[in-house]
Amino acid sequence: MIYVIDHKDSFTHNVVHQLSLFDQVECDDFSKINKSKLNRSSTIVFSPGPGSPKDYPLSSKIYNQFKGKKRIIGICLGFQQILFSEGANIIEQSKIYHGFQSDVIVSKSSKLFKPGQKFKVGRYHSLKLQEPFKAENFDITMRCAISGAAMSFENNIDKIYGFQFHPESFLTINGKLLIKKILST
């Protein structure tokens, strides 16, 4: 079962719909976590949402509690939430990407996706990872083809994955395949 922690984003139900193609999905508001569902889940997904990761201390607490114990996926704010919980700085970027399609390139450090592959993704964010960033077992595995900004990470040891972009967006080519690969790890 996949447990989605909803950060009150209009895209969360699209995320739930995409995930439900692969497994049973339960979804609760970040402020109303159901501990029974959380404990039963095999995968935790931190949804997109407004604001900054520092606005969601309970999500960081859940991440730290289950890191290495369950598969964890972060999408947009969820991507930032995981990195923030790992000590990263999340900063405003000079250009805001809301409903913007960008090309990303898969880096050679990816174990799940073909290095050098280039494809289009849907972006909806005004914050980004400040680099350099180092955390044990974390690799930046996709970057914006133009700016070089981090667009995904993999931690294949602890089964933690994140996308700065929205795999559920119609602007993302093969978003369903990205999720399928992660859920099959």
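Above this note sits the structure.
Rules and cut-offs
Residues numbered from 1 in each chain as written. Predicted model: local features only at pLDDT ≥ 70, side-chain atom pairs only at ≥ 80, totals over all residues. Heavy atoms only, no water. Helix = DSSP H or I, 4+ residues; strand = E, 2+ residues; numbered from the N terminus. Rg over C-alpha atoms; globule rule 2.2 N^0.38 Å. Buried < 20%, exposed > 50% of the residue type's maximum accessible area, 1.4 Å probe, protein only. Contact = heavy atoms within 4.5 Å. Lys, Arg positive; Asp, Glu negative; His and termini not counted. Charge placed at Lys NZ, Arg CZ, Asp CG, Glu CD. Pairing = 2+ DSSP bridges. Axes fitted to C-alpha atoms, helices over the stretch in contact; angles between N-to-C directions. Salt bridge = Lys/Arg side-chain N within 4 Å of Asp/Glu carboxyl O. Arc of directions from axis to C-beta. Parallel < 35°, antiparallel > 145°, perpendicular 65-115°, else oblique. Left-handed = near helix turned anticlockwise from the far one by under 90°. Nonpolar A, V, L, I, M, F, W, Y, C, P; charged D, E, K, R; others polar. Polar contact = N/O pair within 3.5 Å; in protein donor to acceptor, adjacent residues only side chain to side chain.

### Regarding the overall build of the protein
What the protein contains, in helices and strands, is five helices and nine strands. Ordered by position from N to C terminus, the α and β elements of the protein give β-α-β-α-β-α-β-α-β-β-β-β-β-α. At 15 Å, the protein has a C-alpha radius of gyration in line with the 16 Å of a compact globule built from 185 residues. In terms of overall dimensions, the protein has C-alpha extents of about 45 × 30 × 30 Å along its principal axes. When each of the 185 residues of the protein is scored for burial, the buried share is 55%. Long-range contacts, defined as pairs at least 24 residues apart, comprise 66% of the intrachain contacts of the protein with a sequence gap of at least 6. Across the protein, 25 positive and 16 negative side-chain charges occur, with their mean positions spaced 4 Å apart.

### So, the sheet that holds strand 1 (residues 2-6)
One open sheet accounts for nine strands, arranged 2-1-3-4-9-8-7-5-6; its pairing is mixed. Each of the sheet's edge strands pairs with one partner strand only, and the pair in question is strand 2 (25-29) and strand 6 (118-129). Adjacent strand axes in the sheet meet at a mean angle of 25° when their direction is disregarded. With four bridges connecting them, strand 3 (residues 43-46) and strand 4 (residues 71-75) associate as parallel partners.

### Here's the deal with the pattern of salt bridges
Side chains that carry opposite charge are capable of pairing whenever their charged atoms lie near each other. Using the criterion set out here, one finds six salt bridges in the structure. A salt bridge links Asp29 to Lys8; the nearest nitrogen and oxygen atoms lie 3.5 Å apart. With Asp29 in strand 2 and Lys8 in the loop between strand 1 and helix 1 (12-19), this pair connects stretches of sequence that are 21 residues apart. Between Lys37 and Glu26 there is a salt bridge whose closest N-O contact spans 3.4 Å. Of this pair, Lys37 sits in helix 2 (residues 35-40) while Glu26 sits in strand 2, placing them eleven residues apart in sequence. A relative accessible area of 17% means that Lys37 is categorised as buried.

### Side note on the environment of Ala135
Counting through the fold element by element, Ala135 comes out in the loop between strand 6 and strand 7 (139-144). Distance from Ala135 to Lys159, taken between C-alpha atoms, is 14 Å for residues 24 residues apart in sequence.

### As for helix 5 (residues 175-183)
Along helix 5, the residues that are buried comprise Gly175, Leu178, Ile179, Ile182 and Leu183. Projected down its long axis, helix 5 carries its buried residues within an arc of 125°, all on one side.

### As for the packing of helix 3 (residues 57-66) against helix 4 (residues 77-85)
Packing of helix 3 against helix 4 brings their axes to within 10 Å, and their N-to-C directions diverge by 65°. It follows from the interaxial angle that helix 3 and helix 4 lie roughly perpendicular. In the crossing of helix 3 with helix 4, the sense of the turn from one axis to the other is right-handed. Here Ser59, Ser60, Tyr63 and Asn64 of helix 3 lie close against helix 4, whose contacting residues are Gln81, Ile82, Phe84 and Ser85. Residue classes in the contact of helix 3 with helix 4 are distributed as three nonpolar, five polar and no charged.

### Brief notes about the side chain of Thr141
With respect to the secondary-structure elements, Thr141 resides in strand 7. A relative accessible area of 0% places Thr141 in the buried class. At 2.7 Å, the side chain of Thr141 and the side chain of Ser152 are in polar contact. Contact partners of Thr141, with chain neighbours within four places excluded, come to Ile105, Val106, Ser107, Ser109, Ser110, Ser152, Phe153 and Glu154.

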